[in-house]
Amino acid sequence: MISDLKESALHVVKNALTIRLGGITLRIKHTKKITATLALTLLLTAGLAGCGGSKDENAGVNTEEASNKQVTIKVSNWPKPNEEAKIAQYEQLMAKMKANYPDITVDKDEWGYDVSSFLPKAASGQLPTVYETFFTETSKIIKANYAADITDTMKKYGYDKAINPDLLKMVTKDGKYYGIPKDGYVMGMLYNMNLFKEAGLLDDKGIPKFPKTYEELAQTAQIIKQKTGKAGIFLPTKSGQGGWMFMNIAWAYGAEFEKQVDGKWQAVFNSPEAAAALQYVKDLKWKYDVLPDNNLVDVTNDMFRMFGTDQVAMSFGMNDWPPVIQQQTKMSKDNVAMSALPVGPIGKPVTLLGGGLYMFSPNVTPEQIDAGFKWLKTYGFTPESSEEALTGWDIEKKTLSDQGLIVGPYGLRIWTDEKRIGEEQKILDKYNNVNLDLFRDYMDNGSKGMRAEEPVNAQELYQKLDIVLQTVLTDKNADPLEILTKAAEEFQRDYLDKVK
């Protein structure tokens, strides 16, 4: 999702937090505003960065077990000085690396992926051996030759057979692998239990009456507003997050955004279907009056705070957000539930699939690629089900549980190996501290109808759609189709026409 924030999972530290927001990676200092110290989530389904390989003239060369000669790799997203807990964990990992692979030296790089800084860093040959990025960025990075072909090493260590194929295809081009999916997410709905209870919208088992359609979603939000006086639903409108969320609604209405015609990309969201979806958003404001009063809001500064303090009842979201909300607002772990997204007029589920990945710098050696995979193994990001591989997963869940943060619900599975999934589930069960029935619909149905983010300039598209949303929420007389037509023309001119 959005590159000035975004996606991977969530990392708990003493004084700072890294959280994925779809295509966004956000680093947050430990302050009153967002006490996001989910520390030691360090190994969250993806772990921070590994180390890396490259794409030279012989990209994809056979990477047999590295020789005894010294190999140095650089790891991105290294903990910053104020992240004491994460630093302590990394020191443990470094000790393991030194013991297990004395011929490998791991250097630190605090840099994390950002659209504005990536190109200068890549063009000057300064990328870390292994760096993290988002699925939305993959194709343009590969096209620009800023990622190594790691096919042989992927196969050597079994990643090609072990990772969810829906994620794996996002790092594949012409039958070769250029990245390792490290986490994935599907969008769902978050529910504030206190407000649902106050509005009389819990069933006889204490489970929220989840809206099954977008029309029901609007009606449920209206009931909550009438019964509690609080906003029924939250919809972000800035930082690219508005467009990111709106895409789920528009797809459910049958809209498309980009289409390849005769080899050229076309912006096609100036359609009746997209206009109907935008009219729905407009109605949330002017017909149902269920949105927050402020029309210029984002997730991390506004939704987390409002949801965690019982100021809004529902929001789009992912299963790794609630622990962050807990940290920011001290919300009870029992005050949240989740479901799959509602169904729109097309009559079938649809949800945005996103996530993050590791890529390897294009100026490194096969030995460095191999060393990078060994770092990932030490980190715990490996298909193996060994005790070493599962240690990180256990530490992460225990840390969350010790802090009273939600443990138990899961989102999109990264691994396909049943043994690995089973071992991870045992750890989840060991530390589970919530009623899983509150999350069952999301876990069972949230991955149905997955759709990948748009392939060309997705981040810029989200920014463009932000403006579209802001317009209909501030102008009661705004015409959805007219606004979308103008936006599509601008997006075509500024981005798609420049694609070669």
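Residues numbered from 1 in each chain as written. Predicted model: local features only at pLDDT ≥ 70, side-chain atom pairs only at ≥ 80, totals over all residues. Heavy atoms only, no water.

Looking at this structure, I do not really get the sheet that holds strand β15 (residues 336-340). What am I missing?
The pairing of strands in a sheet happens through backbone hydrogen bonds and is either parallel or antiparallel. Pairing in this open sheet of 4 strands is mixed, and the strands run β11-β14-β10-β15 from one edge to the other. Two strands in the sheet have a free side with no partner beyond their single neighbour: β11 (231-234) and β15. The sheet shows a mean angle of 20 degrees between the axes of neighbouring strands, taken without regard to direction. In this sheet, strand β14 (residues 312-317) lies alongside strand β10 (residues 188-192) in antiparallel orientation, the contact comprising 4 bridges. Among the inter-strand pairings, leucine 190 is bridged to a residue of β14, identified as serine 315. (Pairing = 2+ DSSP bridges. Helix = DSSP H or I, 4+ residues; strand = E, 2+ residues; numbered from the N terminus. Axes fitted to C-alpha atoms, helices over the stretch in contact; angles between N-to-C directions.)

Can you help me understand the environment of lysine 259 in this one?
When you line up the elements, lysine 259 lands in strand β12 (residues 258-261). On a C-alpha basis, the gap between lysine 259 and glutamate 454 in space is 9.4 Å, while along the polypeptide they are 195 residues apart. Apart from residues lying up to four places away in sequence, lysine 259 is in contact with Lys264, Trp265, Gln266 and Val268. (Contact = heavy atoms within 4.5 Å.)

Is there a simple way to explain the nonpolar core in this structure?
Here is a general trend for soluble globular proteins: nonpolar side chains tend to be buried in one another's company. Ranked by size, the top nonpolar core spans 141 residues in total, and within it Ile180, Phe269, Met314 and Trp375 carry the most contacts. Once residues lying within four places of it in the same chain are set aside, the contact partners of isoleucine 180 are Ile150, Met154, Tyr159, Ile163, Leu357, Tyr358, Phe360, Phe373, Leu376 and Phe381. Grouped together as the second largest cluster of nonpolar side chains are 8 residues, Leu400, Leu405, Ile427 and Tyr431 included. (Core = buried A, V, L, I, M, F, W, Y, C linked by side-chain atoms within 4.5 Å. Buried < 20%, exposed > 50% of the residue type's maximum accessible area, 1.4 Å probe, protein only.)

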